[in-house]
Amino acid sequence: RVWLSASATNWANGVSLEGRNQHFVFDRVFGPSVSTRGIFEQTVNDRVRHVLKGYNATVMAYGQTNSGKTTTIRGDERCGDGLITMCGQQLLSAI
């Protein structure tokens, strides 16, 4: 797990977090060199198998604006299939 500590001010609702440490836990953090297929195989693949056994699963992409979250989830012509397509293919092949 990766720990990230941050201090910030949420100006939208006027809540100040200044001076208070906030801790966030991530199971994995991927750099720009990791392919969408690599992300799928390292994380999402197991979630799909759990769904097939009747469990719920959620995959969330979090990151800086324009860092590739939407492309990773949805895919595009340049990068190929996204995680949604890969999940669908795995689900359909399992039925």
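A. Representation of the overall build of the protein in the model. Across its full length, the protein holds three helices and six strands. Taken from the N to the C terminus, the helices and strands of the protein come in the order β-β-β-β-α-α-β-β-α. Per-residue burial for the protein yields a buried fraction of 16% across its 95 residues. Contacts spanning at least 24 positions in sequence make up 37% of the contacts within the protein whose residues lie at least 6 apart. Total accessible area computed for the protein in this model is approximately 7,600 Å², and 51% of it derives from carbon and sulfur atoms.

B. Quick look at unusual backbone geometry. Phi at Asn66 takes a positive value of approximately 70°, unusual for a residue other than glycine. Note on placement: Asn66 falls in the loop between α1 (36-52) and α2 (69-74).

C. Structural detail: the nonpolar core. Counting residues in each nonpolar core, the largest one holds seven residues, listed as Ile39, Phe40, Val44, Val48, Leu83, Met86 and Cys87. Within the residue set of this core, elements represented by two or more residues are α1 and α3 (83-94). For this core, the element with the highest residue contribution is α1, accounting for four residues. Setting aside anything within four residues of it in sequence, one finds Met86 in contact with Thr36, Arg37, Phe40 and Asp81.

D. Structural view of α3. Taking 1.5 Å as the rise per residue, α3 with twelve residues should run 16 Å; its terminal C-alpha atoms sit 16 Å apart, in good agreement. Listed in full, the buried residues belonging to α3 are Leu83, Met86, Cys87 and Gln90. In an axial view of α3, the angular spread of the buried residues amounts to 100°, which keeps them on one side of the axis. In α3, those exposed residues whose orientation departs by more than 90 degrees from the buried face are Ile84 and Leu92. Turning to α3, the residues buried within the fold contact α1, α2 and β6 (80-81).

Here is what the cut-offs are and how they apply
- Residues numbered from 1 in each chain as written.
- Predicted model: local features only at pLDDT ≥ 70, side-chain atom pairs only at ≥ 80, totals over all residues.
- Heavy atoms only, no water.
- Helix = DSSP H or I, 4+ residues; strand = E, 2+ residues; numbered from the N terminus.
- Buried < 20%, exposed > 50% of the residue type's maximum accessible area, 1.4 Å probe, protein only.
- Contact = heavy atoms within 4.5 Å.
- Areas by Shrake-Rupley, 256 points an atom, 1.4 Å probe, with all protein chains shown as cover.
- Core = buried A, V, L, I, M, F, W, Y, C linked by side-chain atoms within 4.5 Å.
- Expected span 1.5 Å × (residues − 1).
- Arc of directions from axis to C-beta.

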